[in-house]
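Structural characterization, general
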Amino acid sequence: MASFIKGKLKAARDSLGKKDYKAAEEAAAQVLEYEPANYNANVFLGLACLELGNHSRSEQAYSKAIESSPEQALAWQGLSKFYERTNRWQEYATALRRLADLFAQQEDSLKCAETLQKYIEFQRSSGTREQVIKALGLLLPGSPLYAALSVLPEPDPTAPTSTTTYAVQDSIHNSLPTLEEIVSLIERDEEEKIKKEVERRRMRLGAGRPEKIKLDVGREVWDASTLPSLYNELLNHPNTSDDLRRSTESKLLRRKYQHLQSVPAVGANSSSKQKLLSEVDDLSKGAVLLNLPDELAWMFFIESRDAYHIEDYDFRTLRRFIGIFPNLPLTALLKGYFNYLRIPVCVDSAQGDGSPEPEPEPEPERSDSFSSVLDASADLSDCLLSHRILCQLYQLEDDYENVIRAAESGLELLTKAEASYGKRLQRVRMAFHVALGGGLAKLFPPKHHVRAMEILSDVLDQDAHNVPCLISSGCILQYSGQWSNAETVFKHVIGLDPDHDVKWEAREEWAWCIVKTGRLEEGITELKEVVQALDYGEGKGEQQARAWWRLGRALWESGDDGKEATYKHFITSLKRSSTFAPAFTSLGIYYAEVASPPDLDRSSKCFQKAFELDAREGEAARRLAEGFAEEREWDLVEVVARRTIEGEGGLEGGNIGKGETIGARYLPTNAWAWKAVGVVELNRHNYTAAIQPFQVALRADQDDFISWQRLGESYAKSGRHTAAIKALKKALELRPDDWMCQYLLGDVYRLLAEYPSAIQVFEGILKLHPDDICVLLSLADTHLTHARSQTAEGYHSRAEGSTVAAILVTLELLDGSPGFRRVAWKIAADAVFELSRSVSFHDVELVGNTLASLASLMSPLETNKLIQEVLDFPLLVESRSVNGYSALQVAVGAYHYRISLDGLDDASTATAWFDLGMALARFSTGTKDEGRSNSASNQAREYIQKALVIDPGNDAYWNVLGNLNFMENPKLSQHAYIKALECNTRNVMTWTNLGLLYLHHGDADIANEALYRAQTLDPDYVLAWVGQGLIATANGHHTESHALFAHAMSLSADVPEADLEFAKRAFERLTNSNISETPELLLPSFHALDRYCKQRPNDAAALHLFGLICERLNLTSQALELVSRTIVLLEHSYEETEDVGTEEQFAAANGTLGRLRLSTGDFAGAVEAFTSALSLISTDDDTLRTKTLQAHAQFGSGLGNFRLGELEDALGMFESALAQLPSEVVNVRGHVTILLAQTLWALGSDEARETARGQLLECISADPGNLMAMTTLLAMGILDSDDSLVAAALSEIQTMPVDKRVELDPGRIVSQLLVKHHLAQGRDNDALAEIQRAVHAQPLDIISRSALASLLLQQNKTTAAAAVIRGNENIPRGSLDDAIRISAISLAADTKLSRDSLKLAQKSVFLAPWNSANWRGLAYVRCAAATGS
């Protein structure tokens, strides 16, 4: 067998050599049949199949060969060839990589190199960047292939083609290029990876700041990065050049620095952050030591140094930085700093370090140096050293506000730097705190002293001997008046033996504290020593001046003997420093109080000079302000006050850092200046601006009554009424008897619409000051405003009382003070005009007496002839018969009287003419005298035009002019409305009036636009909705119209016309449609008319309509009362005017009264009312309305006589009514005919009954759709047992369409008659069948169902009856009580359900207590429950 296998393998190999792949395949296959795991056979089979194109079998063969002997390379070579041939590149790369490992294991370096070279070339052409990096990494030491490859000889650069592995040989013997390529690829790969991940994370919800995202992503990448180790390999490589080494070190530093910034300072990563910090620190120190021009290394070295003084940063290092980076912003800043402090930028010792020697430059001025520092710092916002230098220079310049800004900015930057470095810079933080505390202590003292003391205390806890902190703390204690504590602090500073300048400053402050504690002699002695010591020095002018001034002040406080000597000291102080402001202040006080004689001129000049030099000189400012106030120079007083405020920090000055605000921290030192500014703003009507000054002033003295009062006034006039009340109440607590404060409080209550409280306050003031005119005027105006508010809310009786109260107060004012008559007459006339809106009054006598008293004051006046055409003078008011018309006459007279008064200015004259025109316009519509009406209307137009001549920009005047010409002159009316809109485009009343004008004249589209604009401006304006309702009616949209009127009525505004229009249209909608009337539909109209009639009790049309609605609601007694009042009003009106229209309304009202009396059983009264109606109807009027009204009265009279038994009279009336009615009034004729037939039937004679039948037959022939006539004929047939007549009637009914029959017979009378007919004949089943047919025809009809249930109950079928009622779930509200009653009765038979039955019966009574059937049902259920059956 072995020889057979060898032979076949030899044959296969020979065939492959001859490229006879088929034979090779067969030979190899034969071997594999006997030995499936034969390695060579599988390899030969794989190659043969590959060449034959049988790829799947080829791959299987190679795989089996590898599986049998994975360490041999032959099968892998074949498989790699197979993958290459079939373009399976990933598998090809894997095969090459495996081959390289196998050759390396076999120490076949040449084949390993060839395979690796193929692998690298393939990855370069087709692989990703990461795959290329891994492939190149196989050439580096540490690679599993490196041992095998390292034995390759060095390549011959002169003959690169002499070997097939030149690239690998070159990389093995010089790995630097490979390292550089790998580093470059990794750098690009990590950069792209970070960029893509940052962009992806930024799209997430709740993503943080971009910087934070970038650091987080970078940390994830840098934690796993191999770049630092590769950088180190580059640095350690023997072939690395100096330039490459420098650039690599720079890259390594930046990579380590970025990684350091990204790692959190706390938590599990703290140790790694410390390691990174150490590495970055070492790299930066190395770069600085070698003077390498690496900016990051130098900046980290400088910024990470924990230095308290700037000198601790080592000036030599800073000079080296200047030499290496001459063009950086920090270099410019350092140069400016050195020049400012006169520190040499270059010194000889700095030249030995290899840095280039800078050229000598001329020494610049300090101001130029300071400017260069500021310019450079603008580009160094993230540099700690820059902020340190700025703090020091600002301190030297006494610019404490910028000291604070720089220190706080530096602290914020320091916090970030510490988090970034993972290193605490405690000394740097202390330096910033010292600068910040000192700045806060000296900026607008004592504004920031609380915060400054907190900071300084923290520093002193760490360093109790910190001299700058101690001095700042002492100054703060001085400002707070703690002189003993301050003395202790400065004595401690002296004991620390500071440098010369600080020592004498501390001694001066110590001496001053001694003086302030009362030890004058000791303090004066010490101050003299300080003065002598300071006078020997130079450049200390300000300190010398302060010492001399303090010595002078100490002598001043020692007594009168010392005051004379102070002059010399103050003068000496000014000689030392001519800009020392306190010396000028003290000198001014000396001139004013000590000099003999006092020299006020010099004193004022000294105060002015002091104030010019330093706005913080509060004493000088106060004395200046007092002097200007005595001279009444108020503008100068304001200037002084405002500059004083600026001197102590102002409203905004110095509010820096940590969001510090005046409201939270600031206590003023010059409260008088704040009060002065508040009063100035208050007088200028800048009420909002006046609030804050008074608030600040109150912090100095919370018991200052004037400030609280002025603050309350400012609050009130700026619209903050609640705050005003609190402030004024606080003022009243301090001074309860101040009536002006009480008056302001009352005025605030009035503005808040709390009228009762305002009235109570004003009346309380009047008890103590009964003749105060302003209080009386405010009380009268409050009463009037309260009345208008009550009228708008519907409280008309209360409004009447408030209006009368307003008039009574003005009468009291007119009697006691003739000086304010015009204002008083204005209020009185407005009150009377408001009173005239009511038709009648609740307290007629009080109103009459009040109007009579007011009218009596107008009687002596000479009146205008035009007014005499309208009113009869003198005005006589009858107290017991006064009404709205009487009040209107008095209002016209009062407005006219006001005009006749002298002294009106233009604005008052315009309003006076306008008010008179408005009153006359109302009068023209209220009087029944046509002549007076026309005269009043013409005068109204004339007076409104006079008002417009004086004040053409008042839109209210134009609006009223448009109203007055609405009907007579629509063009002028339109022009007036448009002019009003030009004056005020947001006046909703004008837009509404313009829309109504367009609607009245037929332009509905433009009207709709105008009304829509009005609704947009004020959605609650009632008349705009009314106008929209009228437009909807004009367009035939009655449903929308009803909804719009309903919405208008529901609004809170009191517009009676909207109520009347809604009720009228709702009633017409119900009467002119087939909608079944239910209380739910009529109740809104009932409430609307009830509200209207209370305001217009003499409106006969409204009362009549209200009566008709009450009639529909079965409120018969109320309807009778309303219609009776209507008749009384119409009768009175008819007697005065004898108007035909009034006569017709009178007749209609009597007809309604007769109908109501019929319903109450008062048949005689009904006949009387109908007779009165007939007597009022003109027989000469042949109009359809008149004929119908006459027939209605005759019809009602006939019905009344019929019920009285006067059949002959009834018959005559019915016949007359039938004769009067035109033939086209088919429905009315039908009703009369039916009643005539019923009357004839009631006569009882055969002839009369036959006539009745004939009348009905004629009616049916004339009106085939008169179901009532057919029903009546059917009833007659049933009563006479005339089957033929019954059949005839039924045939007529049945020929009628079902839907029409249902429409004409909503009460199902036909079915009821037939059921009763069948029951009378004893045909119970026929009766049941009839009612069942009705239910089948209308399954949802509750009337038919109720009738069927009732019949089933009569037949004792309670279960079936209950099922019939339960079968209809959509029962109308009006029929719900019937259904519930029937259900209760059906359940009463079951004793187990007696409780449920009783509840249902009670519910039916609750739903309709007026229905007697429900009460009978309840009685039945109770009886059934009691008897148990």
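These remarks concern the structure in this document. (Residues numbered from 1 in each chain as written. Predicted model: local features only at pLDDT ≥ 70, side-chain atom pairs only at ≥ 80, totals over all residues. Heavy atoms only, no water.)

A separate point is the nonpolar core. Counting 108 residues, the largest nonpolar core has F321, L330, L385 and I389 as its most contacted members. Top contributing element to this core by residue count: helix α21 (residues 400–421), with ten residues. With sequence-adjacent residues up to four places away left out, L330 is seen in contact with M299, F321, L380, C383 and L385. Counting 94 residues, the second largest nonpolar core, distinct from the first, contains L711, L779, V809 and V892. (Core = buried A, V, L, I, M, F, W, Y, C linked by side-chain atoms within 4.5 Å. Buried < 20%, exposed > 50% of the residue type's maximum accessible area, 1.4 Å probe, protein only. Helix = DSSP H or I, 4+ residues; strand = E, 2+ residues; numbered from the N terminus. Contact = heavy atoms within 4.5 Å.)

Across all of its chains, the model carries 25 aromatic pairs by this definition. Where F370 meets Y394, the ring centres are 5.8 Å apart and the plane angle is 80°; that geometry is what we call edge-to-face. Here the residue F370 occupies a position in helix α19 (residues 366–377), and Y394 occupies one in helix α20 (residues 384–396), the gap between them amounting to 24 residues. For F370, a relative accessible area of 14% puts it in the buried group. Residue class for Y394 comes out buried when judged on its relative accessible area of 11%. One aromatic cluster is present, formed by W89, Y92 and F122 through successive ring pairs. Lying across the ring of F338, R319 places its NZ or CZ 5.7 Å from the centre. Looking at R643, its charged tip hangs above the ring of F611, at a distance of 5.1 Å from the centre. (Phe/Tyr/Trp six-rings, centres within 6.5 Å; stacked < 30°, edge-to-face > 60°. Lys NZ or Arg CZ within 6 Å of the ring centre and 35° of its normal.)

Attention now goes to helix α74 (residues 1412–1427). Between the first and last C-alpha of α74 there are 23 Å, a value that for 16 residues agrees with the 22 Å anticipated at 1.5 Å per step. Of all the residues in α74, the buried ones are A1413, N1414, G1417, L1418, V1421 and A1424. Projected down its long axis, α74 carries its buried residues within an arc of 145°, all on one side. When the buried face of α74 is taken as reference, the exposed residues oriented beyond 90 degrees from it are R1416, A1426 and T1427. (Expected span 1.5 Å × (residues − 1). Arc of directions from axis to C-beta.)

Across all of its chains, the model carries 65 salt bridges by this definition. Of the charged contacts in the structure, one is a salt bridge between K22 and E25, with a shortest N-O distance of 3.6 Å. With K22 and E25 both in helix α2 (residues 21–34), this residue pair falls three residues apart, about one helical turn. A salt bridge links K251 to E187; the shortest N-O distance between them is 3.5 Å. Of this pair, K251 sits in helix α14 (residues 242–262) while E187 sits in helix α11 (residues 176–202), and the two are 64 residues apart along the sequence. For E187, a relative accessible area of 22% corresponds to the partly exposed category. A network of salt bridges, in which partner residues are shared, links E593, E619, R622, R623 and E626. (Salt bridge = Lys/Arg side-chain N within 4 Å of Asp/Glu carboxyl O.)

Further remarks concern the environment of A1413. Of note, A1413 is situated in helix α74. Given a relative accessible area of 17%, A1413 falls into the buried group. Considered as a pair, A1413 and D1377 are 36 residues apart in the sequence and their alpha carbons are 9.7 Å apart.

Relative to the elements of secondary structure, A407 occurs in helix α21. Classification of A407 as buried rests on a relative accessible area of 0%. Between the alpha carbons of A407 and H433 there is a distance of 7.3 Å; along the sequence they are 26 residues apart. The residues touching A407, leaving out its near neighbours within four places in the chain, are C391, F432 and L436.

With respect to the helices and strands, the residue E197 is situated in helix α11. By relative accessible area, E197 is classed as buried at 18%. Of note is the side chain of E197, whose polar atom sits 2.7 Å from the side chain of R201. If near-sequence neighbours (up to four positions away) are discounted, E197 is found in contact with R204 and V217. (Polar contact = N/O pair within 3.5 Å; in protein donor to acceptor, adjacent residues only side chain to side chain.)

If you trace the backbone, Q478 turns up in helix α24 (residues 467–479). With relative accessibility at 10%, the residue Q478 sits in the buried group. Here E509 takes part through its side chain, which lies 2.9 Å from a polar atom of the side chain of Q478. Those residues within four positions of Q478 in sequence are excluded, and the remaining contacts are W483, A486, F490, E509, W512 and C513.

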